[in-house]
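Spelled out from the first residue to the last, the chains are:
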Amino acid sequence: MTTETPIQESKWPEDPTLVRHVLSLSGGKDSAALAVHLRDRVRNMEYIFHDTGKELPDTYEYLERLEGKLGAKIVRTTFGTTFDDLLRQYGGMLPSNHRRWCTRMMKLKPFEEYIGDDFCINYVGIRADEERVGYISHKPNIRAVFPFREDGIDYEGVQRILENSGLGMPPYTEWGRTRSGCFFCFYQQKIEWVRLKQRYPTYYEEAKAYEKPNRVNGNVFYWCGDESLAQLERPERMAQIEENWRQAQERLAKRQPNRSLAETLGGLKVAPRRREGCLLCQL
Ligand code: SF4
């Protein structure tokens, strides 16, 4: 497999037994499919999951099912402190696309600590049909490889792997969510906030409770751009978001005539057009 990260080649060990093989699982479909895809090719793979403590129950359930398919344990790592402690450290400033301290502190740092100074091949589930970039470690002892790109496996290929293995898609896709990661992730689309409120109202309330004025300067940070979750949950606003989403799906179905409207509206057969999110949380 080829590498895409800078590496001090002279230091990379010739003895392959000195190199660890690690696959970080997010609870999402791509990393799960990659684990299944490589199950019989990389025998000494270490599977890890960085638990933020703010994941959906669906994620834990999916990881347990995946362990059964892999016949291997997935090591759960934590980052030694809670999200709430970190939030205090960051002055009550909720993470966002431009202030992504959450990924750094809750995903990347625990990963690098788990690897330490060992030489490691890090298997990343970016598909052949996406141009995604994101947080991956650039430590010289960690080498990232992208097997799906090398094997030409795209969105439908991932679905096939999951279906053929009997694992299937992650449970949250059944109620219209497209991403793994924290239930309050700021990368969610508005429709996903609506779905969260319908499916897990207590998590919605918990997310909403974070949107409060900062004790020091009175600033309020919202998860969802400039719209608060209190505004978004008004029935007329939720209905409007539902309608906007339905119309967008119809437009998408017209552009993809080989798919039925039901498939498109179901959201399970169509690759999201724009993949926002971080590699460590949402692959
Ligand atoms: S899932 Fe979202 S909120 Fe959670 S760590 Fe990742 S980017 Fe941050």
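Summarised in this report is the structure supplied together with it. (Residues numbered from 1 in each chain as written. Predicted model: local features only at pLDDT ≥ 70, side-chain atom pairs only at ≥ 80, totals over all residues. Heavy atoms only, no water.)

Another aspect to go through is the pattern of salt bridges. For the structure shown, the criterion picks out 25 salt bridges. Its salt-bridge partner being lysine 54, residue glutamate 206 comes within 3.1 Å of it at the nearest N-O pair. Residue glutamate 206 is located in helix α8 (residues 201-209), and its partner lysine 54 is located in the loop between β2 (45-50) and α2 (57-70); the two are separated by 152 residues in the primary sequence. Overall, lysine 54 belongs to the buried group, its relative accessible area being 11%. Between glutamate 67 and arginine 76 there is a salt bridge, with its nearest N and O atoms 2.8 Å apart. Judged by its relative accessible area of 31%, arginine 76 falls in the partly exposed class. The network of salt bridges with shared partners includes Lys29, Asp30, Arg127, Asp129 and Glu130. (Salt bridge = Lys/Arg side-chain N within 4 Å of Asp/Glu carboxyl O. Helix = DSSP H or I, 4+ residues; strand = E, 2+ residues; numbered from the N terminus. Buried < 20%, exposed > 50% of the residue type's maximum accessible area, 1.4 Å probe, protein only.)

So, about the site of the ligand. Cys102, Thr103, Cys182, Cys185 and Cys281 are the nearest of the eleven residues found near the ligand. Considering each element in turn, the shell around the ligand owes the most residues, three residues, to helix α4 (residues 101-115). Class assignment for the residues of the shell around the ligand results in eight nonpolar, three polar and no charged. (Near = heavy atom within 4 Å. Nonpolar A, V, L, I, M, F, W, Y, C, P; charged D, E, K, R; others polar.)

As a further point, take α8. For α8, the complete set of buried residues consists of Tyr204, Ala207 and Lys208. Down the axis of α8, the buried side of the element spans an arc of 100°, and every buried residue falls inside it. (Arc of directions from axis to C-beta.)

Moving on, we get to the environment of isoleucine 121. Positionally, isoleucine 121 belongs in strand β4 (residues 119-123). For isoleucine 121, a relative accessible area of 15% puts it in the buried group. Distance in space between the C-alpha atoms of isoleucine 121 and asparagine 141 is 8.6 Å, their sequence separation being 20 residues.

The sheet built from five strands is open, its strands ordered β3-β2-β1-β4-β5 with parallel pairing. A single partner strand is all that each edge strand has here, and the edge strands are β3 (74-77) and β5 (142-145). In this sheet, adjacent strand axes meet at a mean angle of 35° when their direction is disregarded. On top of the sheet, helix α1 (residues 29-38) reaches β1 (19-25), β2 and β4; it is set at about 140° to β1, its chief contact. Across the face of the sheet, α2 comes into contact with β1, β2 and β3 while running at roughly 145° to β3. (Pairing = 2+ DSSP bridges. Axes fitted to C-alpha atoms, helices over the stretch in contact; angles between N-to-C directions. Contact = heavy atoms within 4.5 Å.)

A few words now on the packing of aromatic side chains. A complete count under the given rule lists 16 aromatic pairs for this structure. Centre to centre, the rings of phenylalanine 83 and tyrosine 210 are 5.5 Å apart; their planes meet at 90°, and the pair counts as edge-to-face. Taken together, the residues phenylalanine 83 in helix α3 (residues 83-89) and tyrosine 210 in the loop between α8 and α9 (229-232) connect sequence positions 127 residues apart. Aromatic side chains phenylalanine 186 and tyrosine 187 sit 4.8 Å apart centroid to centroid with 45° between the ring planes, which places their arrangement in the tilted category. Among the aromatic residues, those joined into a ring-pair cluster are Phe83, Tyr90, Trp101, Trp175, Phe183, Phe184, Tyr200, Tyr203, Tyr210 and Trp223. Across from the ring centre of tyrosine 114, 5.0 Å away, lies the NZ or CZ of arginine 20, which sits over that ring. One residue, arginine 195, lies across the ring of tryptophan 245, its end atom 5.2 Å from the ring centre. (Phe/Tyr/Trp six-rings, centres within 6.5 Å; stacked < 30°, edge-to-face > 60°. Lys NZ or Arg CZ within 6 Å of the ring centre and 35° of its normal.)

The values are spatial; any link to function lies outside them.
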